[in-house]
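Spelled out from the first residue to the last, the chains are:
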Amino acid sequence: MHSDRAPLGLKVAAGLGLAFMHLPILLIFVYAFTTEDKSYQWPPPGLTLKWFAVTWGRPDVWQALWLSVKVASISTVIALVLGTLCAAAVSRTKFFGREVISLLVILPIALPGIITGISLRSAFNLADIPFSFWTIVLGHATFCVVVVYNNAVARFRRVSGSLVEASMDLGANSFQTFRYVILPNISTALLAGGMLAFALSFDEVIVTTFTAGQQQTLPIWMLEELVRPRERPVTNVVAMVVVLVTFLPILGAYYLTRGTDTVAGQGK
Amino acid sequence: MSMQAVSDRGAGLFGRLSDTLWRRPGLLIFLLILPPAAWLGIIYLGSLFALLAQSFFSIDEFTGIIQYEFTLKTYAELFRPSNFDIILRTVVMAAAVTVGAAAVGFPVAYFAARYARGKWKAIFYLGVMMPLWSSYLVKVYSWKLILAKEGILNWMFETLHLGWFLNAYLAIPVIGGNSLSVSATGTFLVFLYVWLPFMILPIQAALERVPHSMLEASGDLGARPAQTFRHVLFPLALPGVIAGSIFTFSLTLGDYIIPQIVGSSRRFIGQAVYAYQGTAGNIPLAAAFAVVPILLMAVYLWIAKRQGAFDAL
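Once a new chain begins, its residue numbering starts again from 1 and follows that chain's sequence as written. Lettering of chains starts at A and numbering of ligands starts at 1, both following the order in which they are written. Per-residue local features of the predicted model are confined to residues with pLDDT of at least 70, and side-chain atom pairs are confined, for both listing and counting, to 80 or more; whole-chain, interface and lining totals are unaffected and use all residues. Side-chain numbers here rest on the full set of heavy atoms in the structure, without hydrogens or water.

Looking at an unreviewed UniProt entry, one finds chain B named ABC transporter permease and attributed to Sedimentitalea xiamensis. UniProt positions are given in the numbering used here, feature names are shortened, and annotations may be inferred rather than shown by experiment. Comment text from UniProt for chain B, heading Sequence similarities (unreviewed entry), reads "Belongs to the binding-protein-dependent transport system permease family. CysTW subfamily." You can read under Subcellular location (unreviewed entry) in the UniProt record for chain B the words "Cell membrane".

Looking at an unreviewed UniProt entry, one finds chain A named ABC transporter permease and attributed to Sedimentitalea xiamensis. The Sequence similarities (unreviewed entry) field of the UniProt record for chain A holds the comment "Belongs to the binding-protein-dependent transport system permease family. CysTW subfamily." The annotation that UniProt attaches to chain A under Subcellular location (unreviewed entry) is "Cell membrane".

In structure tokens, the structure reads:
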């Protein structure tokens, strides 16, 4: 039947849309190899691997990368704990204020980042808290909770209550039930949520500019280079590496949740 | 009975604690919810209210010292022509980006929901997820490369001998400028690019729920494809479009990095907030400016809720 084949116009429009979303990122890959170091000249006058070596030898890039990894790891751990607790409570029972809690979790990401950032900064000011590693983590963990929560709450709903009751009937206490029954059931959702939280924190710049003070995470380092370009080739290489690094958790999260989502879709 | 059996066996502190939690689910919920609620309530809401409170203070124009007395003076300053222009400009940009993202995103979402199968379904899914999650700054940076005077877009126009067209376009006031990277059009393109996936995903979710048979019925009853789109498909997709527009609208309202890197010197709300709280040290006015997107989004969400957009999220 002809209605199962897409009209040509739609195919072209959809293809152009996808191309529009991907070509700019691919362009960065070309620029990472260009020999031109003063401008964004296209087409590149020549190709070289030199800038990878230059970037490798830059201590400021390594420092920024290391800070970003540390912040993202600790924020992810905090978000995992808080997000899972919240999802467990919300999915278990209907209790007073349940809607309020859901709203509270989503708010940090629903409101523009600049509002979260400036709120935190003015609160730090009022409370005389100096900027440190922990002020960055405080901000990041706050907006990472929602990612873990979203992943966990969907899975908790699918863990049937009778499994938990069966475990208790067989003599396990609450902690054993959590360790041996609930955790294995929700682990892939948590892993996926954790990966996304890591990617979110690793990339965050808007809130971080307000909570970092003089410290440089990798995105802050890039922002500095964007506003006042000093070494374009190094920026190109860092940008390419960041793209490759953030793709891994996304692919990972996709493969971890793919099977379950298909099952849920078939159930409809 | 079974509870009794468990508690007999579960000796020790953990056992007793476990039993208490099982018997009193309310306590368990309370203990589960306490850490996240405390974290978000104290750190997030606390800061948010601290900010809102500051917007009711004012700054002494001569000494530059913040006066901690309740006043609406700071809010009145928002309606000064120079400040009100910033708000108006931001809202117009957010609306334009929303309409643009819906127009570009709809075909992608429709194809993915209706025609893509098997391998292509996965390609389209990842094709939207990858740009959504890839680094925000890298995406902005790539457009700095594209829009630069010596960059690929100018090169394409020159190669196709269309340089005159680009120059004529850039000569238009307001949307034009010296080059694309310092024009409002450039800012629009970057906003559109960066927020596009946020529009596609909810539209796709809404379209997945439109039964195939409904479109066929419309065709059987004599509707041309354009009529089917206008009277059947689009109304059913509208909640998805509105859900997507919540993201594109809210994200554009609050962004201060994109217009700073690609765009003219005319400021947006985010830049105003950033400038007033930073070098100017006028935290009350920055706070008042920050309230504007919150209020606009509250109104927008209220309208969206009435249109049933939240079911499509």
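Next, the rest of the story.
Remarks on the packing of aromatic side chains
A pair of Phe, Tyr and Trp rings is counted when the ring centres sit within 6.5 Å of each other, with Trp represented by its six-membered ring. The angle between the planes then sorts it: under 30 degrees is stacked, over 60 is edge-to-face, the rest tilted. Following the criterion strictly, the structure yields 31 aromatic pairs over all chains and no others. Each ring, one from Phe198 of chain A and one from Phe202 of chain A, has its centre 6.1 Å from the other, and the planes form 15 degrees; the classification is stacked. With Phe198 of chain A and Phe202 of chain A both in helix H8 (residues 174-203), this residue pair falls 4 residues apart, about one helical turn. Note on classification: 1.4 Å probe, protein chains only; a residue is buried when its accessible area is under 20% of the maximum for its type, exposed when over 50%, partly exposed between these limits. Assessed through its relative accessible area of 5%, Phe202 of chain A is described here as buried. A ring pair is formed by Phe106 of chain B and Phe234 of chain B, whose centres lie 6.3 Å apart and whose planes are at 40 degrees; its orientation type is tilted. Highlighted residues: Phe106 of chain B in helix H5 (residues 81-114) and Phe234 of chain B in helix H12 (residues 225-254), separated in sequence by 128 residues. By relative accessible area, which is 10% here, Phe106 of chain B ends up buried. Using a relative accessible area of 32% as the deciding quantity, one classes Phe234 of chain B as partly exposed. Each residue in the set Phe106, Tyr110, Phe111, Tyr115, Phe124, Phe229 and Phe234 of chain B is aromatic and connected to the rest through ring pairs, giving one cluster. Helical segments are the DSSP runs of H or I of at least four residues, strand segments are the runs of E of at least two, and each set is numbered from the N terminus.

Quick look at helix H14 (residues 269-277) of chain B
Most of H14 of chain B sits inside the fold, with 7 of its 9 residues counted as buried. Regarding H14 of chain B, the residues found buried are Ile269, Gly270, Gln271, Ala272, Val273, Tyr276 and Gln277 of chain B. Contact definition: two residues touch when any of their heavy atoms are within 4.5 Å. The inward-facing, buried residues of H14 of chain B abut helix H5 (113-126) and helix H9 (206-211) of chain A together with H5, H12, helix H13 (258-261) and helix H15 (283-306) of chain B.

Observations concerning the nonpolar core
By nonpolar core is meant a set of buried Ala, Val, Leu, Ile, Met, Phe, Trp, Tyr and Cys residues that side-chain atoms within 4.5 Å join together. Counting 127 residues, the largest nonpolar core has Tyr136, Ile257 and Phe289 of chain B as its most contacted members. Here this core gets 11 residues from one element, more than from any other, and that element is helix H6 (residues 133-158) of chain A. The contact partners of Tyr136 of chain B, leaving out residues within four places of it in the chain, are Asp203, Val205 and Ile206 of chain A together with Val194, Trp195, Asp255, Ile257 and Ile258 of chain B. By size, the runner-up hydrophobic cluster in this structure holds 30 residues, among which are Leu10 of chain A together with Phe124, Ile203 and Ala237 of chain B.

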